[in-house]
Amino acid sequence: MGLREVRLEDVIPLRHAVLRPGRPVETCYFDGDDAATTRHFAWVEDGRIRSIATVMRQARELSGERVPFQLRGMATAPDAAGRGIGSAFLQALNAELGASWWCNARAVAVRFYERNGLVVVGEPFDIPEIGTHYVMLYEKTAGS
Ligand SMILES: CC(C)(COP(=O)(O)OP(=O)(O)OC[C@H]1O[C@@H](n2cnc3c(N)ncnc32)[C@H](O)[C@@H]1OP(=O)(O)O)[C@@H](O)C(=O)NCCC(=O)NCCS
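Here's a quick rundown of the structure. (Residues numbered from 1 in each chain as written. Predicted model: local features only at pLDDT ≥ 70, side-chain atom pairs only at ≥ 80, totals over all residues. Heavy atoms only, no water.)

On to helix H2 (residues 85-97), then. The end-to-end C-alpha separation of H2 is 18 Å, in line with the 18 Å expected for 13 residues at 1.5 Å each. What H2 keeps buried is the set Ile85, Gly86, Ser87, Phe89, Leu90, Leu93, Asn94 and Leu97. (Helix = DSSP H or I, 4+ residues; strand = E, 2+ residues; numbered from the N terminus. Expected span 1.5 Å × (residues − 1). Buried < 20%, exposed > 50% of the residue type's maximum accessible area, 1.4 Å probe, protein only.)

Turning our attention to the layout of surface pockets. Roughly 810 Å³ of internal volume is contained in the largest pocket. Residue lining of the largest pocket: 34 residues in total, with Leu19, Met74, Arg106, Ala109 and Tyr113 positioned closest to the centre. Elements with a minimum of two residues in the lining of the largest pocket: helix H1 (8-19), strand S4 (65-76), H2, strand S5 (101-106) and helix H3 (110-115). For the lining of the largest pocket, the leading source of residues is S4, giving seven residues. Residues belonging to the lining of the largest pocket are distributed by class as follows: 18 nonpolar, 10 polar and six charged. (1 Å grid on protein atoms, 1.4 Å probe; cavity = no way out; pocket = protein on both sides within 12 Å on 5 of 7 lines; lining within 4 Å. Points joined across faces, edges and corners; volume = space filled by probe spheres on them. Nonpolar A, V, L, I, M, F, W, Y, C, P; charged D, E, K, R; others polar.)

Residues Leu71, Leu93, Trp101, Cys103 and Tyr113 are the most contacted members of the largest nonpolar core, which totals 35 residues. Those elements that place two or more of their residues in this core are H1, strand S2 (39-45), strand S3 (48-62), S4, H2, S5, H3 and strand S7 (131-138). Grouped together as the second largest cluster of nonpolar side chains are six residues, Val67, Val121, Val135 and Leu137 included. (Core = buried A, V, L, I, M, F, W, Y, C linked by side-chain atoms within 4.5 Å.)

A word on the pattern of salt bridges. Summed over all chains, the structure comprises seven salt bridges. Its salt-bridge partner being Asp10, residue Arg7 comes within 3.1 Å of it at the nearest N-O pair. Relative accessible area serves as the criterion here: at 24%, Asp10 is assigned to the partly exposed category. Between Arg39 and Glu96 there is a salt bridge; the shortest N-O distance is 2.7 Å. Linking Arg39 in strand S2 with Glu96 in helix H2, this pair joins segments that are 57 residues apart in sequence. (Salt bridge = Lys/Arg side-chain N within 4 Å of Asp/Glu carboxyl O.)

Bringing the side chain of Thr76 into the picture now. Its location among the elements puts Thr76 in strand S4. Engagement of the side chain of Thr76 in a polar contact is seen with the side chain of Ser51, the distance being 3.0 Å. (Polar contact = N/O pair within 3.5 Å; in protein donor to acceptor, adjacent residues only side chain to side chain.)

On the basis of which strands lie adjacent, the open sheet formed by seven strands has the order S1-S2-S3-S4-S5-S7-S6 and mixed pairing. The open sheet has two free edges, formed respectively by strand S1 (2-6) and strand S6 (119-127), since each of these has just one partner strand. Averaged over all pairs of adjacent strands, the angle between strand axes in this sheet comes to 30°, irrespective of strand direction. Across two bridges, the pairing between S4 and S5 is parallel. Counted as the bridge partner of Phe69 is Trp101 from S5. Those strands touched by H1 are S1, S2, S3, S4 and S5, and its axis lies near 95° from that of S3. Strand contacts of H2: S1, S2, S3, S4, S5 and S7, with the helix running at about 135° to S2, the strand carrying the most contacts. (Pairing = 2+ DSSP bridges. Axes fitted to C-alpha atoms, helices over the stretch in contact; angles between N-to-C directions. Contact = heavy atoms within 4.5 Å.)

One can find Val120 in strand S6. In this structure Val120 comes out as partly exposed when scored by relative accessible area, which is 33%. Along the primary structure Val120 and Arg83 are separated by 37 residues, whereas in three dimensions their C-alpha atoms are 24 Å apart.

The values are spatial; any link to function lies outside them.
Next up, the structure:
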């Protein structure tokens, strides 16, 4: 049980089921998914992928800091959500990356990310067909 680095194909089923339900599977592919610097991760329990996230090298200046990575496509299987998997997954990811990162968080996930040490930066914005999002920042500190 724990964090695994996986292939793009391995994250597509949960992306589809959780993040793009009812939409064509082509909508589950992101620009940069197959870049050499992109890494796909899963949280695995009993051989089953229970949560997924993708980390892209996508630097952005936030709060006066150059933040090197973007987290994308985080999703937990609906029958496993709310049990702490997402939080354990993020903690393990932070240990693996050892760096600051940012993400575009859905409004429903803001509290989840805040509990995991991220902060909202700036104003909300709309992503068509998906809804209101917030830029959120995980700032790697000496002790984290
Ligand atoms: C957000 C998400 C990745 C969290 O994963 P998780 O394994 O449920 O995480 P945890 O059990 O550690 O934490 C659950 C928290 O997520 C929140 N949450 C958001 N969407 C949820 C959902 N569909 N089901 C259960 N909890 C959800 C809960 O409110 C809870 O926060 P709270 O304790 O502050 O109330 C997961 O719930 C999910 O995939 N949601 C739908 C897709 C999504 O919004 N992804 C983020 C895109 S930016």
